[in-house]
Protein chains: 2
Amino acid sequence: MSPNPTLPTRAPSTEAHRFEAYLRSKKLKLTGERMEILATIFRKDSHFDAEELHAELKTLGRDISRATVYRTLDLLVQCGLVRKSSLGSSHANYEAAHENEHHDHLICLSCGKVFEFYRPDLETLQDAICQERKFKPLHHSLQIFGLCVDCVDKADENSIRTKVAQIHT
Amino acid sequence: MSPNPTLPTRAPSTEAHRFEAYLRSKKLKLTGERMEILATIFRKDSHFDAEELHAELKTLGRDISRATVYRTLDLLVQCGLVRKSSLGSSHANYEAAHENEHHDHLICLSCGKVFEFYRPDLETLQDAICQERKFKPLHHSLQIFGLCVDCVDKADENSIRTKVAQIHT
DNA sequence: TTTTTTGCAAATCGTTTGCACGCTG
DNA sequence: CAGCGTGCAAACGATTTGCAAAAAA
């Protein structure tokens, strides 16, 4: 008896397939630049911005223009493979949308570390709020800014106060 | 027996007094521009951005430079009289911090209306999450994007999808 | 070969800054 | 009259755009 064909046989790079399908569906072209950008993003484990991604591609020997990086990031956000969230900065940050998990963020104002968390009861509560208000939720963002264990004792109160005022949510 | 002197006797423009106290505490100066900006903000009832505020001041006959508007907004945020939150746009939005109430936002992606809500149990839940993670919260932002009752039936699905991708949280 | 994508450089947009002058304390 | 605050215009930084050349379908 052969292995069950419905079980994925260690699907090589689901994200590449998803992106290809998306491009085909929009009659867009599958280019080397687009695929390299996607692969690089999914090789990373954390948040990044367009500039960092552009720099990383350059160190990998792929000198892709900033314009193309921005245009491709837009496509990837459109098809759900990448998420955008500023994390309090005034410019855009991104992260690969591994699996289909959703999560929110704790952001340390001192060291900049970002901690992800997911609480089903938080989602449920939000849905309840929306239902009460007859509002149809499509997207949400919860960001909690503060100090992580490592920083809580050593952070300078004044510089933190300044940072709080500059948060861009 | 005279009235209890600790009870405020209908304080005229608490916010002006708070701002004055803040300026004095920082050895900053109480100027006409600063006071006009504060008064104009507290006369408004909704969210606004720097450009709108600048324009409104101009129609009021006060031609205050954009630079001063930005500098004063920063001061007001620092002293807690004004709150900053982009509401999903890539530039800063502000709102007067009437009383000391805190609230979160529901933002309609079709008509742009903003609905405020406050749920104590949501705050409690967030505190619980932070305690579990040993994270000291200093500020948070919850924004729920979607469609309000008036728009839920008439919004164009494609343009909404585009807007979701452009949200800047 | 038709259509889309790319890279480049210029343009844009919100915001910040340096500086000379003006006003507040 | 000593500092701060102001307006101006230039500088900024992230992102977007028009266009001609290059690559994918």
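Residues numbered from 1 in each chain as written. Chains lettered and ligands numbered in written order. Predicted model: local features only at pLDDT ≥ 70, side-chain atom pairs only at ≥ 80, totals over all residues. Heavy atoms only, no water.

As recorded in an unreviewed UniProt entry, chain A goes by the name Ferric uptake regulation protein, listed as coming from Mesoterricola silvestris. What the UniProt record of chain A gives under Subunit (unreviewed entry) is the line "Homodimer." Listed in UniProt under the heading Sequence similarities (unreviewed entry), the comment for chain A reads: "Belongs to the Fur family." (UniProt positions renumbered as here; feature names shortened; annotations may be inferred.)

A. Expanded view of the relation of the copies chain B and chain A. Mapping chain B onto chain A calls for a screw motion: a turn of 180° about the axis and a shift of 0.0 Å along it, with 0.1 Å RMSD after fitting. Expressed as an axis order, the relation between the two copies is that of a two-fold axis. For chain B, the smallest separation between a C-alpha atom and the rotation axis is recorded for Leu142 of chain B, amounting to 2.2 Å. Of all interface residues in chain B, 100% are interface residues in chain A too; the two copies therefore contact each other through one and the same surface. (Least-squares fit on C-alpha atoms with pLDDT ≥ 70 in both. Contact = heavy atoms within 4.5 Å.)

B. Examining the sheet that holds strand 1 (residues 48–49) of chain B more closely. All names here are of chain B. What the three strands build is an open sheet, ordered 1-3-2; its pairing is antiparallel. The open sheet has two free edges, formed respectively by strand 1 and strand 2 (82–84), since each of these has just one partner strand. Where strand 2 meets strand 3 (residues 93–96), three bridges bridge the pair, whose relative direction is antiparallel. Counterpart to Arg83 in the pairing with strand 3 is Glu95. (Pairing = 2+ DSSP bridges. Helix = DSSP H or I, 4+ residues; strand = E, 2+ residues; numbered from the N terminus.)

C. How the structure looks around the UniProt feature "binding site: Zn(2+)" (unreviewed entry) in chain A. Residue and element names in this part refer to chain A. Under the local residue numbering, the UniProt record ascribes the feature "binding site: Zn(2+)" (unreviewed entry) to Cys108, Cys111, Cys148 and Cys151. For the annotated residues, spread through 44 residues, the largest C-alpha to C-alpha distance comes to 8.2 Å, consistent with a single compact locus. By the element assignment, Cys108 lies in strand 4 (residues 104–108). By the element assignment, Cys111 lies in the loop between strand 4 and strand 5 (114–117). Taking the relative accessible area as the measure of exposure, Cys111 reaches 37% and is therefore partly exposed. If near-sequence neighbours (up to four positions away) are discounted, Cys111 is found in contact with Cys148 and Cys151. (Buried < 20%, exposed > 50% of the residue type's maximum accessible area, 1.4 Å probe, protein only.)

D. Local environment of the protein's contact with DNA strand C. By nearness alone, 19 residues border DNA strand C, and Lys29, Arg34, Thr68 and Arg71 of chain A together with Tyr70 of chain B come closest of all. Near-protein atoms of DNA strand C (within 4 Å) split between backbone and bases, with sugar and phosphate holding 75%. A distance of 2.5 Å separates a phosphate oxygen of DNA strand C from a polar side-chain atom of Tyr70 of chain B. For the surface near DNA strand C, the secondary structure elements donating two or more residues are helix 2 (32–43) and helix 4 (66–78) of chain A together with helix 4 (66–78) of chain B. (Near = heavy atom within 4 Å. Polar contact = N/O pair within 3.5 Å; in protein donor to acceptor, adjacent residues only side chain to side chain.)

E. Representation of the domain arrangement of chain A in the model. Residue and element names in this part refer to chain A. With domains assigned, chain A is organised as domain 1 (1–98) and domain 2 (102–169). Measuring from the centre of the C-alpha atoms in domain 1 to the corresponding centre in domain 2 gives 25 Å. Listed as interface residues are nine residues of domain 1 and, on the opposing side, eleven residues of domain 2. For the pair domain 1 and domain 2, the summed buried surface comes to about 700 Å²; carbon and sulfur atoms form 50% of the total. The interface formed by domain 1 and domain 2 holds zero salt bridges in total. Along the contact surface separating domain 1 from domain 2 lie six residue pairs in polar contact (both at pLDDT 80 or more). (Domains from an automatic or database assignment. Buried area = accessible area lost by both parts, 1.4 Å probe. Salt bridge = Lys/Arg side-chain N within 4 Å of Asp/Glu carboxyl O.)

F. Local environment of the protein's contact with DNA strand D. In the vicinity of DNA strand D there are 18 residues, among which Tyr70 and Ala92 of chain A together with Arg34, Ser65 and Thr68 of chain B approach most closely. Protein-adjacent atoms of DNA strand D, using a 4 Å cutoff, are sugar or phosphate at a proportion of 70%. In this structure, a base nitrogen belonging to DNA strand D sits 2.9 Å away from a side-chain N or O atom of Lys29 of chain B. Put simply, the parts of the chain that give the surface near DNA strand D at least two residues each are helix 4 of chain A together with helix 2 (32–43) and helix 4 of chain B. Grouping the amino acids of the surface near DNA strand D by side-chain chemistry returns seven nonpolar, four polar and seven charged. (Nonpolar A, V, L, I, M, F, W, Y, C, P; charged D, E, K, R; others polar.)

G. Representation of the interface of chain B and chain A. On the side of chain A, 52 residues touch chain B, which itself brings 52 residues to the contact. Counting the surface chain B buries against chain A, the share from its top three residues, Phe135, His139 and Thr169 of chain B, is 15%. Remark: the boundary between chain B and chain A carries two salt bridges. Taken together, the connections running from chain B to chain A amount to 14 residue pairs in polar contact (both at pLDDT 80 or more). Counting residues per element, the ones that place at least two in the side of chain B that touches chain A are helix 4, strand 4 (104–108), strand 5 (114–117), helix 5 (120–132), strand 6 (136–147) and helix 6 (157–166) of chain B.

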